[in-house]
Amino acid sequence: MSDIILEARHINKEFHDPVTVHVLTDITFTIQKGEFTSVIGKSGSGKSTLLYILSTMDTDYTGELLIDNVPMTGKTDADLARIRNEKIGFVFQFHYLLNEFTVLRNVMLPGIKLNKHSEEEVAHRAMERLKMLDIGHLAEKSAYKISGGEKQRVAIARALINDPQIIMGDEPTGNLDTKNSDLVFDIFKDLTVAHNQTLLIVTHDQSFAENTGRVIEMEDGKIIRQ
Amino acid sequence: MNARLIIGIAKSLLLARWRQTLVAAVGVTFSIAMFITLLSFMNGLNDLLDGLILNRTPHVRLYNEIKPSENQPVNMAPAFKNSYNFIRSVKAGTIRQEIYNSGPIMQAVEADDRVLGVAPKLTTQVFYNEGSIDITGVINGIDVEAESRLFHFQDYVTAGKAIDVKNVANSIILGKGLADILVAHVGDVVQVTTAQGERFSLKVVGYFQLGIQEIDKVQSYASISTTQKLLGKPANYLTDIQVKLKDLNQAPAVAKEYSRLFSADAEDIQTANSQFETGSNIRTMISYAVGVTLLIVAGFGIFNILNMMIYEKMDSIAILKATGFAGQDVNMIFLIIALSIGFFGGMVGLLLGFGFSVIIDHIPFITPALPTIKTFPVNYSPVFYMIGGSFSLITTYLAGFFPARKASRVDPVEIIRGK
Ligand SMILES: Nc1ncnc2c1ncn2[C@@H]1O[C@H](COP(=O)(O)OP(=O)(O)O)[C@@H](O)[C@H]1O
Ligand SMILES: [Mg+2]
């Protein structure tokens, strides 16, 4: 039991604006440590909505969510921020780098926030991850001066800085050309194989999903295959 | 560590928008500088105008007022003790204007710890004779040294030397306005007639100019002994004992106490000059009102730039929150931005305000009405700088409060979903 990283129990979500729409219905599944899981489904099937709930950013739902066997129900804004900081890494379709900072500093920010290592150590760890993703030479560049594919790799490095329990991605290759998509996929694959990293990636790229260890398919807010 | 991180992020956001930041900070600088300058100048003026009267006014004045006795004999008679007695046409009796026992009283007052000094005075009405015209006036017999030490007498003597009134026998210092009417120059002799009808010749040794026409046209000064000679009174005859206290605010209490102790009338400075307080207060209020208005305008500037920054930085706020910054952290980032604009803008404003004050302090301001003033008056009280500094921080905090709260409530899901 101890290697269950994430567990969703009967998660339901409705939007009430302007009319009530039932977006997620009775979502129940678990994710084990080291699994590379992809979530697929048609556009509008509720994949993103589910991911935001699993990431603790959206707290407006019914049902139970456990991360690292700890229930997320009733936690404060600050508690949840701390959990995201420590246990979850994010990669979105858009990179969301802070233009005011260098590449290295962008990667370091969540690490300094965690306050577990000294600033020099965080810088060292950030550099390690950038080098692992083959972009060590970009460290001192301003975040807005690098290419789209490079930005997405920086975002992955940022997601990795605190050794998260799980990395979540919402169509992380959605904006990239085939070459960069393949590159990002290879990085993910390497993370699971070489570092036993747990991954939960939303995608609508069929070939991407086929190569992951496990596929969860959604339709109209329900899981139809897992 | 966390505080440093938050400050670091705030600093980067600030510097990324340094032009707008500068404009907002200049707004604060300008209003604080104006605030300081205005308050310093207005209070300088207040001090000057108050000084005109207050410097020359004793904190407590002991005298005997000519008035009917409050204890009429009928009230003291045992037979009518329990009646309510109506007495009509009460007149003042043989009461004297002189202060009884003036010598011992002066000694007792001088020995009081709360007292800075005591100056005796003897006031009498006279007529100045100019050809066939008689001009009414007042001669104040004073102890020049005590009067100069306690009430800045020598500052207002614009021609001649104050001390001459003591050193030269039968001499007088005329009010400037009076001297003009009498066409009396220093060294001339003027004729005066006392209320008793005695005529005297007095030598003019100087002019006195307070800057208030009504006073300069009637008042003149002589030594106490000269005045006693005019009145034909002995050497202990005094009409006023003027007391200057170490703390002006004690005056009403001390006046009450002395009045009882020495069975004389005692007037405190607050009662004698209540109208000047009002003028000062209004000038101070105007300065504060202008300063606060300017600061509010500057506050809106800061409010604007923060709102703009937050609108532009929605993505950054969203990712900060997604990667583990709590709403409180985001709130702090924007409050720090607001407060640093206030702090640095305010600091420069204080320096600039000081600079302006110094400049005003050096602008010549020469008027015959105010002989002791050479430049515009300025009050450099550190209190203004403390108030100005706190104001700038408080205003910018308030200006930053709502934008920062808005930023802290940004829902990252909404931003990220929007992409
Ligand atoms: N804020 C919202 N208010 C109302 N309906 C929403 C909102 N966000 C998403 N939806 C609806 O929820 C459904 C699922 O959306 P989403 O999770 O983005 O799907 P996917 O990511 O699978 O494309 C869609 O029908 C969408 O219209
Ligand atoms: Mg989606």
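Novice: Mind showing me how you'd approach a nonpolar patch on the surface here?
Specialist: Residues and elements named next belong to chain B. A surface patch of nonpolar side chains, about 470 Å² in accessible area, is lined by F343, F344, M347, V348 and L393. If you tally residues by element for the nonpolar patch, the top one is helix α14 (residues 327–362), at 4 residues. Assignment of secondary structure puts V348 in helix α14.

Novice: Would you explain the pattern of salt bridges in this entry?
Specialist: Scanning the model with the defined rule gives 22 salt bridges over all chains in all. Measuring nitrogen to oxygen at the nearest pair gives 3.1 Å for the salt bridge that ties D58(A) to K13(A). One end of the pair, D58(A), is in the loop between α1 (47–54) and β4 (62–67); the other, K13(A), is in strand β1 (residues 4–15), and 45 residues separate them in sequence. Note on accessibility: D58(A) and K13(A) belong to one class, buried. In this structure, E267(B) engages R61(B) in a salt bridge whose closest nitrogen and oxygen atoms are separated by 3.8 Å.

Novice: Where do I start with the interface of chain A and chain B in this structure?
Specialist: Interfaces are frequently sized by the accessible area removed from exposure as the parts join. On the side of chain B, 29 residues touch chain A, which itself brings 27 residues to the contact. A buried area of about 2500 Å², summed over both sides, lies between chain A and chain B, and 65% of it is on carbon and sulfur atoms. Contact with chain B buries surface across chain A, with Y96(A), E100(A) and K113(A) losing the most and accounting together for 29% of the total. Connecting chain A to chain B are 3 salt bridges. E100(A) is the salt-bridge partner of K313(B), the closest N and O atoms lying 2.3 Å from each other. Those elements that provide at least two residues to the side of chain A that touches chain B are α1, α2 (77–87) and α3 (103–114) of chain A. Looking at the side of chain A that touches chain B residue by residue, the class counts come to 14 nonpolar, 5 polar and 8 charged.

Novice: Just to check I follow, could you spell out the domain arrangement of chain B for this structure?
Specialist: When its domains are assigned, chain B resolves into domain 1 (3–54 + 276–418) and domain 2 (58–69 + 95–272). Look at where the C-alpha atoms of domain 1 of chain B and domain 2 of chain B centre, and you get two points 51 Å apart.

Novice: In this structure, what is going on with the site of ligand 1? I would like to understand it.
Specialist: Around ligand 1, the neighbouring residues are F15(A), D17(A), V23(A), K42(A), S43(A), G44(A), S45(A), G46(A), K47(A), S48(A), T49(A) and R417(B). Ligand 1 sits at the junction of chains A and B, each of which supplies nearby residues. Interatomic distance of 3.1 Å between a backbone N/O atom of G46(A) and an oxygen atom of ligand 1. Protein chains bury 66% of the 560 Å² of accessible surface belonging to ligand 1 in isolation. Broken down by element, the shell around ligand 1 gets its largest block of residues, 3 residues, from α1(A). Residues that form the shell around ligand 1 fall into these classes: 2 nonpolar, 6 polar and 4 charged.

Novice: Could you clarify how one ought to interpret the sheet that holds strand β9 (residues 214–219) of chain A in this entry?
Specialist: In sheet architecture, strand pairing relies on hydrogen bonds along the backbone and comes in two forms, parallel and antiparallel. All names here are of chain A. On the basis of which strands lie adjacent, the open sheet formed by 6 strands has the order β6-β7-β8-β3-β9-β10 and mixed pairing. Every interior strand has two partners, whereas the edge strands, β6 (88–91) and β10 (222–225), have only one. The mean inter-strand angle of the sheet, taken between neighbouring strand axes irrespective of direction, is 25°. Inspection of the sheet shows strand β3 (residues 36–41) paired to strand β8 (residues 198–202) by 4 bridges, in the parallel sense. Residue pairing in the sheet places V39 in a bridge with V202 of β8. Against the sheet, helix α6 (residues 178–195) touches β3, β7 (166–170) and β8, its axis set at about 140° to β3.

Novice: When you look at the sheet that holds strand β2 (residues 21–32) of chain A in this model, what are you seeing that I'm missing?
Specialist: Residues and elements named next belong to chain A. The strand order across the open sheet formed by 4 strands is β2-β1-β4-β5, and the pairing between neighbours is antiparallel. At either end of the open sheet lies a strand with only one pairing partner, and these are β2 and β5 (70–71). Where β4 and β5 come together, 2 bridges link them in antiparallel fashion. Its bridge partner lying in β5, L66 is registered against P71.

Parameters and conventions
- Residues numbered from 1 in each chain as written.
- Chains lettered and ligands numbered in written order.
- Predicted model: local features only at pLDDT ≥ 70, side-chain atom pairs only at ≥ 80, totals over all residues.
- Heavy atoms only, no water.
- Patch = residues over 30% accessible without salt bridge, like charges linked within 9 Å, V, L, I, M, F, W, Y side chains within 5 Å.
- Areas by Shrake-Rupley, 256 points an atom, 1.4 Å probe, with all protein chains shown as cover.
- Salt bridge = Lys/Arg side-chain N within 4 Å of Asp/Glu carboxyl O.
- Helix = DSSP H or I, 4+ residues; strand = E, 2+ residues; numbered from the N terminus.
- Buried < 20%, exposed > 50% of the residue type's maximum accessible area, 1.4 Å probe, protein only.
- Contact = heavy atoms within 4.5 Å.
- Buried area = accessible area lost by both parts, 1.4 Å probe.
- Nonpolar A, V, L, I, M, F, W, Y, C, P; charged D, E, K, R; others polar.
- Domains from an automatic or database assignment.
- Near = heavy atom within 4 Å.
- Polar contact = N/O pair within 3.5 Å; in protein donor to acceptor, adjacent residues only side chain to side chain.
- Pairing = 2+ DSSP bridges.
- Axes fitted to C-alpha atoms, helices over the stretch in contact; angles between N-to-C directions.

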